[in-house]
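Structural description and commentary
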Amino acid sequence: MREKSLEYHSLHPKGKIQVVPTKPTRDSFDLSLAYSPGVAYPCLEIKENPDLVYEYTNKGNLVGIITNGTAILGLGDIGPAAGKPVMEGKAVLFKKFAGIDVFDIEVDAKDPDDFIKAVKMLEPTFGGINLEDIKAPESFYIEEELIKSMNIPVFHDDQHGTAIITVAGLLNAFEINKKRPSDVKMVVCGAGAAGIAIAELVQHIGIRKEHIFLVDTKGVIHTERTDLNSTKQKYVQKTNARTLADVMQDADIFVGVSVADMVTEDMVKSMAPNPVIFALANPDPEIPYAVAKKVRPDIIMGTGRSDMPNQVNNVLGFPFIFRGALDVRAKHITLEMKLAAARSLAELARMDVPDAVSLAYGGEKFTFGPDYLIPKPFDQRVLYHVAPAVAEAAVQSGTARRPYPGRENYISFLEGLMRS
């Protein structure tokens, strides 16, 4: 895999993305329109009416993927340059799945305020900002400050993307095991950006905060801990549980966003009947799928792996969330838009799966149930289901600045966009 990957990235042209012109450049007249002297006319129009930047440039379909390289995948703080292949890869996913253009930007700024200043100054260029691979707790502060100061959507996918797909899976798990969200005990292993965002978002589908137990590298987050940052302090619990093994007893849900092999067979055995485990550490989950299923046949399980059922994959979220947000020119990505994305994914998984999806996965058949809670990334219906739901939620939550044409017209627009 190492040699194949290095060869893949180094073939000419180097890297994974490039910029290509979208208008004719056949002769000198075309060039006079693209640049001097013709380009002056859209410049002057935009000067008089700044909103026309969306009419005469690519701003409305352009997202900036921006990192400082402090939390690249599971590799840690490897720096902005070493993180560039990941940002280019994310750009490929935006384009492949939602037709969105991307500039990846790697900023050499570990100081959060320097990073915020750099991103804020880029607002004229982009229709939206996807923050990527920034370590917690700085990532919370960075996103919060940029949302407050910018009038385009800012979204830290490592936080919210994982949370949105997790919530979609949980909504369908509750459909299967018939548990009430308000009654369940939930354990989240990993109290970084993704873990905190999951704990926040699940409360909006009815899971009670007092039933959510976070575990970090030092154990359960409880009231006697004196080493907690302000974000973790929001989730302290009065409990005698100190270890992951302690808190897993009688848990209905385990979500892992930590590292491999955190969960033992005995921990799984100690969980409540018909438990849910989303073991999302990559490439190796907190407990292997086969091991967990062997000791608890009643389990509903998902991982971050594509070779196992119920892959919790952020690519089901961010391309379509940004697509919907860009197309109604949303100022922000709101809670309502995140929940709309999660609910629309859950709804799609309950629908009949067309043969084209099975063909994309070697002929495997998919039917809603314990082994199919979440749509597959290559299910082309995801775009036409999630983006409209997000756009509609943007209008309803008051952050949209452009009229929504109605679902039927919008889907026709998306189909034309993807054909082109």
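Residues numbered from 1 in each chain as written. Predicted model: local features only at pLDDT ≥ 70, side-chain atom pairs only at ≥ 80, totals over all residues. Heavy atoms only, no water.

Remarks on the UniProt feature "binding site: a divalent metal cation" (unreviewed entry) in the chain
- When the UniProt feature table is mapped onto this chain numbering, "binding site: a divalent metal cation" (unreviewed entry) sits at Glu132, Asp133 and Asp158. On the basis of their most widely separated C-alpha atoms, the annotated residues across 27 residues gather in one place, lying no more than 6.6 Å apart.
- Along the chain, the position of Asp133 falls in the loop between strand S3 (128-131) and helix H7 (138-149).
- Asp133 gets classed as buried once you look at its relative accessible area, which sits at 3%.
- Ignoring any residue separated from it by four or fewer positions in sequence, one finds Asp133 in contact with Thr67, Asn68, Gly69, Thr70, Ala71, Ile72, Leu73, Val86, Met87, His156 and Asp158.
- Here Asp158 lies in helix H8 (residues 157-177).
- Not counting residues up to four positions away in its chain, the partners in contact with Asp158 are Leu131, Glu132, Asp133, Ile134 and Ala194.
- Here the side chain of Asp158 touches Asp133 through a polar contact of 2.5 Å, landing on its backbone nitrogen. (UniProt positions renumbered as here; feature names shortened; annotations may be inferred. Helix = DSSP H or I, 4+ residues; strand = E, 2+ residues; numbered from the N terminus. Buried < 20%, exposed > 50% of the residue type's maximum accessible area, 1.4 Å probe, protein only. Contact = heavy atoms within 4.5 Å. Polar contact = N/O pair within 3.5 Å; in protein donor to acceptor, adjacent residues only side chain to side chain.)

Quick notes on the pattern of salt bridges
- Tallied over the full model, the rule gives 28 salt bridges.
- A salt bridge links Lys232 to Asp216; the nearest nitrogen and oxygen atoms lie 3.1 Å apart. Of this pair, Lys232 sits in helix H10 (residues 230-233) while Asp216 sits in strand S6 (residues 212-216); the two residues are 16 residues apart in sequence, bridging distant segments of the chain.
- The class for Asp216 is buried, based on a relative accessible area of 11%.
- A salt bridge links Arg242 to Glu224; the shortest N-O distance between them is 3.6 Å. Within this pair, whereas Arg242 is found in the loop between H10 and helix H11 (244-248), its partner Glu224 is found in the loop between strand S7 (219-220) and H10, the two being separated by 18 residues in sequence.
- Overall, the relative accessible area of 58% leaves Glu224 in the exposed class. (Salt bridge = Lys/Arg side-chain N within 4 Å of Asp/Glu carboxyl O.)

Examining unusual backbone geometry
- Along the chain, His12 connects to Pro13 via a cis peptide bond; the corresponding omega equals -5 degrees.
- Along the polypeptide, Pro13 turns up in the loop between helix H1 (2-10) and helix H2 (28-34).
- Following Ala136, the chain continues to Pro137 via a peptide bond in cis, the omega torsion being 5 degrees.
- Tracing the backbone through its elements, the reader meets Pro137 in the loop between S3 and H7.
- The backbone of Asp261 sits at a positive phi, close to 65 degrees, despite the residue not being glycine.
- Mapped onto the secondary structure, Asp261 falls in the loop between strand S8 (253-256) and helix H12 (265-269).
- With a relative accessible area of 59%, Asp261 lands in the exposed category.
- For Asn274, which is not glycine, the phi torsion reads 50 degrees and is therefore positive.
- With respect to the helices, strands and loops of the structure, Asn274 is situated in the loop between H12 and strand S9 (276-279).

Some words on the pairing of strand S5 (residues 186-189)
- Alternating positions in S5 separate into two faces, Met186 and Val188 on one and Val187 and Cys189 on the other, with burial throughout.
- A crossover connection joins S5 to the parallel S6 through helix H9 (residues 193-202); in handedness this β-α-β unit is right-handed.
- With four bridges joining them, S5 and S8 adopt parallel strand pairing. Bridge pairing in S8 places Met186 opposite Ile253. (Right-handed = clockwise from strand over helix to strand, strands pointing away. Pairing = 2+ DSSP bridges.)

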